[in-house]
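Inside the fold
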Amino acid sequence: MLALGCRCARIRALLKEGPGAARYSVGEASRLPGDDDGLPVIRVPRRMRLQEKPRRAGSEATAVRLARPGRLLIVGKRPQLNQHAGHIFGKFDQVPLVSKGWKHRKAAGDYFVINNTRTQPPVLPDEEAEIGGKVRSFSSLGLCQELVDAVSTTGISRPTMVQAHTIAALMRGKNVLCAAETGSGKTLSYLLPLMHTLISERAATEADRDGPRGLVLVPSRELADQVRGVARSLANNLNLNVHTIGGGRGIGGVKLTLSQGPIDLLISTPGILWKALRRDLVSLYDLRYLVLDEADTLFDESFVGLLEDILHQTQIASNVSETHGVERKAQLVVTGATFPGGVGELLSKVTDLGSIATIKSKGLHYLMPHVRQKFMKVKRTDKLSDFLQMLKELIVEKPGIGILVFCNSAATVNWLGYILEDHAVKHARLQGNMQAEKRSGIFSTFQQGLIDVLLCTDIASRGLDTQRVEIVINYDFPPTLCDYIHRSGRVGRVGSKVLGTVISFVTHPWDVELVQKIETSARQKAILPGLESKISKSESKNYQVYEN
C-alpha cells in the first residue's frame, strides 16, 4: 500500500508538468523514476497529446492579431479608458465612460479630451459640388451673371454641397428646409436665389409696391447686421435696396428706415417687425421670399409666438405653381445648424408640408470631427480660479488669438467681467440685457481684433461668423446639446486659419448627464441623442430629403 501511494503521488506530479512530460502512447509501458516493481503505467493518449501540441509556424490557424494603436480619439487622466480612433463601440455595446462617476464630488480634477480626427472642415468653399453626377458652379445653377460676378469678388469659386442643393431647389420654386452644420455656407444658399428673383422681377414690381419683396428673420441684431453686410456686398452693383431694423433703438428709427423708398430686402428680428406690422409701418403683401434663419432659435418658445403671428401676415406658397405669375406667393426658406423642433406643427398652419424640400448634411447633429474638445470636472469653488489661470496662460502663450467665453446668463457675464477687470484682462461683454447703444458694434470690434476676449451669452452662438476665434470656453456648460453644437460651431469654420479648441468646465450633476451623452456619441461615432432630424411623417408624407 505504501509503494502504491508513492507511485500515485509521483503520477500526479508528472501530470502537473503537462502533456509534454508524457512520451508514450496508449498501451506503452515504462517505469516511473524510482520504480522498482516494474508495474506498467498508462500515459496520456496520443490524440490528446496531438491536440495540445503547438502548431508549427506558418500554419493556417494563427494567433489573434491585435490592431495597431494609431491615433487616440479619447484621451483622459486614466489611460485605461483611452480609445483609439479606429475603434468604434456598437449601439448595444457597454461603453466605458471617463465621465461615468463625475456626479461624485471626488471626481473633481478628472478630465478627458476628444481629439480631432480631421485636419480641415468637412465642407470647403472650393469643394466640387455634384448633383446628378455633374460638377456644379454658381453659373450652372441658373444664377444671373451679375450675381455670379459678385460672388467671385468674395474669393468663392464653387458652391459647397449644401449651397448647390439648396440653390437648385429654390431656383425650381420649391420651399426649402436646410439643416446643415455651421460654416457650410447657408447664408449664401438663400441670399443668391433670393436676389436673383429680385433682379429678374424688378421691372414688373417697381410700381405700386407697398413693402419689401424679400424678408430675412433672424434671432439677434448682431446676426442681422452680419447678414446685411453679406447682402450689401452682393448688391453693390445690382441696384437693390437692403435695410435692417432691430429692437432697442426705438420705433422712431424703425419708421425712418421703412420710409426710405421701396425696400427690396429687409432683414429684421421678430419682435421689432411685429411692432412695425401692428403700427402699419410695413406690409408683407408684396413678399416674394421669406427666410427664417437660425430657425431652431426662432422656433424656441421665446420667439415662436411672434413668429406665428408674422407667418399669418404672409401668403406662403403651397406648391411650385404659386411661386410664379403676377399673384405669386412667397417662397419659404428655413435654415439652421440643427433641425428645428416643432417645425412641422407651426408650418402646417401656413403651407402644405409636402411642398417643403428638406436638405440635410451628413454632419448634422454629429460632433465636429475637426475640432478638439476638452471636458474638465471642477468644483464650483475652484472654477473661477481655474478659469483665470487658464485664460492668462492662453493670453501669454498665444497673444492675439480670439477667445469666446460663454456663460448661461447676463448676470454671470457681468460678474465675470468685473473679475477680469480686477485682473487687468482686456475684454468685452455681449449679452441681451445690454442697451442697444452699448451693444451695437461690440461684436464687430471683436471681429476686427481690437479685443481678444469676448464674454457672452448664447446670443453670440447663433450664426455669427467667427473665423478669428481659436478658443471657445464654456465657463457655464450649455443647458442643451443643441446649444453645445452651436457654441462649438464658433471655431473651425470655413476660412479659419486654425481648427480651434472647445474647453468646457463641468460642475453640476445635470452638466454631467449631457457630457455623458456627448462622450457616448463620440465613442460610438454616432449622432447626439434627442435631436430631431426630419419633419414628422405623420405631418407630411411627401416631403423630399436631399442628404449631402
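1. Regarding the nonpolar core
Ranked by internal contacts, the top residues of the largest apolar core, which has 83 residues, are Trp-102, Ile-114, Leu-192, Val-216, Leu-265, Phe-375 and Ile-518. A total of eight residues in this core trace back to one element, the largest contributor, which is helix α5 (residues 186–200). Once you skip the residues sitting within four places of it in the chain, Ile-518 turns out to touch Ile-114, Leu-367, Phe-375, Phe-477, Leu-481, Tyr-484 and Leu-528. By size, the runner-up hydrophobic cluster in this structure holds 38 residues, among which are Val-282, Leu-284, Ala-330 and Leu-353.

2. Points about the sheet that holds strand β15 (residues 428–430)
Strand order in the open sheet formed by nine strands is β2-β1-β3-β13-β18-β17-β14-β16-β15, and the pairing between neighbours is mixed. One side of each edge strand has no neighbouring strand; the edge strands of this open sheet are β2 (83–84) and β15. Examined bridge by bridge, strand β14 (residues 402–406) and strand β17 (residues 469–474) share five bridges and lie parallel to one another. Bridging across to β17, Gly-402 finds its partner in Val-469.

3. Focus: the pattern of salt bridges
Under the defined criterion, the tally for this structure stands at 16 salt bridges. With its nearest N and O atoms 2.9 Å apart, the salt bridge here joins Glu-201 to Arg-328. Of the two residues, Glu-201 is situated in the loop between α5 and α6 (202–205) and Arg-328 in the loop between α11 (304–311) and β11 (331–336); the sequence distance between them amounts to 127 residues. Relative accessible area serves as the criterion here: at 6%, Arg-328 is assigned to the buried category. A salt bridge links Lys-349 to Glu-308; its shortest N-O distance comes to 3.0 Å. Taken together, the residues span a long stretch of sequence, with Lys-349 in the loop between α12 (343–347) and β12 (356–360) and Glu-308 in helix α11 at a distance of 41 residues.

4. A word on the packing of aromatic side chains
Enumeration according to the criterion identifies eight aromatic pairs in this entry. Aromatic side chains Phe-112 and Phe-375 sit 4.9 Å apart centroid to centroid with 20° between the ring planes, which places their arrangement in the stacked category. One end of the pair, Phe-112, is in strand β3 (residues 111–114); the other, Phe-375, is in strand β13 (residues 372–377), and 263 residues separate them in sequence. Residues Phe-443 and Phe-446 carry aromatic rings whose centres are separated by 6.2 Å and whose planes lie at 45° to one another, so their mutual orientation is tilted. Of this pair, Phe-443 and Phe-446 both sit in helix α16 (residues 442–447), separated by three residues, roughly a single helical turn. Exposure remark for Phe-446: the relative accessible area of 0% places this residue in the buried category. Taken together, the aromatic side chains of Trp-102, Phe-112, Phe-375, Phe-477 and Tyr-484 make up a single cluster linked through ring pairs. The aromatic ring of Tyr-475 is capped on one face by Lys-383, whose charged end is 4.4 Å from the ring centroid. Arg-468 extends its terminal NZ or CZ atom over the ring of Phe-446, reaching a point 5.0 Å from the ring centre.

5. Thoughts on the side chain of Asp-110
Turning to its location among the elements, Asp-110 is positioned in the loop between β2 and β3. Asp-110 sits in the buried class, given a relative accessible area of 9%. Polar side-chain contacts of Asp-110 include one of 2.7 Å to the side chain of Arg-78. Within polar-contact distance, the side chain of Asp-110 engages the side chain of Trp-102 at 3.1 Å.

6. Let's talk about the pairing of strand β7 (residues 214–217)
Across the two faces of β7 the burial is the same, with Gly-214 and Val-216 and Leu-215 and Leu-217 all buried. By the bridge criterion, four bridges tie β7 to strand β9 (residues 265–268) in an arrangement that is parallel. Opposite Leu-215, over in β9, you have Leu-266 as the bridge partner. Both β7 and strand β10 (residues 289–292) contribute to a ladder of four bridges, which runs parallel.

7. Describing the pairing of β11
For a regular strand, the rule is simple: side chains alternate between the two faces of the sheet. Of all six residues in β11, six are buried; the element is thus mostly enclosed. Alternating positions in β11 separate into two faces, Gln-331, Val-333 and Thr-335 on one and Leu-332, Val-334 and Gly-336 on the other, with burial throughout. Across four bridges, the pairing between strand β6 (residues 175–179) and β11 is parallel. Among the inter-strand pairings, Ala-179 is bridged to a residue of β11, identified as Gly-336. Both β10 and β11 contribute to a ladder of four bridges, which runs parallel. By the bridge assignment for β11, Leu-290 is matched with Leu-332.

8. Brief notes about the side chain of Asp-264
Tracing the sequence through the fold places Asp-264 in the loop between α8 (251–258) and β9. Overall, the relative accessible area of 3% leaves Asp-264 in the buried class. In terms of polar contacts, Asp-264 uses its side chain to reach the backbone amide nitrogen of Asn-241, at 2.8 Å.

9. Looking at the confidence of the model for the chain
Residues at a pLDDT of 70 or more form 80% of the chain, whose mean pLDDT is 83. Of all helices and strands in the chain, the one with the weakest mean pLDDT is strand β19 (residues 544–547) (47), whereas strand β18 (residues 501–506) scores best (98). For the stretch residues 57–68, pLDDT sits under 50, and the model shows one contact to residues farther than four places along the chain or on other chains. Every residue in residues 537–548 is under pLDDT 50, and counting partners more than four places away or in other chains gives 34 contacts.

10. Regarding α11
By the burial criterion, the buried members of α11 are Leu-307, Ile-310 and Leu-311. Buried residues in α11, looked at end-on, bunch into an arc of 95°, giving them a common side. Of the surrounding secondary structure, the elements contacted by the buried residues of α11 are β7, α9 (270–278), β10, α10 (295–298) and α12.

The rules behind these values
- Residues numbered from 1 in each chain as written.
- Predicted model: local features only at pLDDT ≥ 70, side-chain atom pairs only at ≥ 80, totals over all residues.
- Heavy atoms only, no water.
- Core = buried A, V, L, I, M, F, W, Y, C linked by side-chain atoms within 4.5 Å.
- Buried < 20%, exposed > 50% of the residue type's maximum accessible area, 1.4 Å probe, protein only.
- Helix = DSSP H or I, 4+ residues; strand = E, 2+ residues; numbered from the N terminus.
- Contact = heavy atoms within 4.5 Å.
- Pairing = 2+ DSSP bridges.
- Salt bridge = Lys/Arg side-chain N within 4 Å of Asp/Glu carboxyl O.
- Phe/Tyr/Trp six-rings, centres within 6.5 Å; stacked < 30°, edge-to-face > 60°.
- Lys NZ or Arg CZ within 6 Å of the ring centre and 35° of its normal.
- Polar contact = N/O pair within 3.5 Å; in protein donor to acceptor, adjacent residues only side chain to side chain.
- pLDDT = per-residue confidence, 0-100.
- Arc of directions from axis to C-beta.

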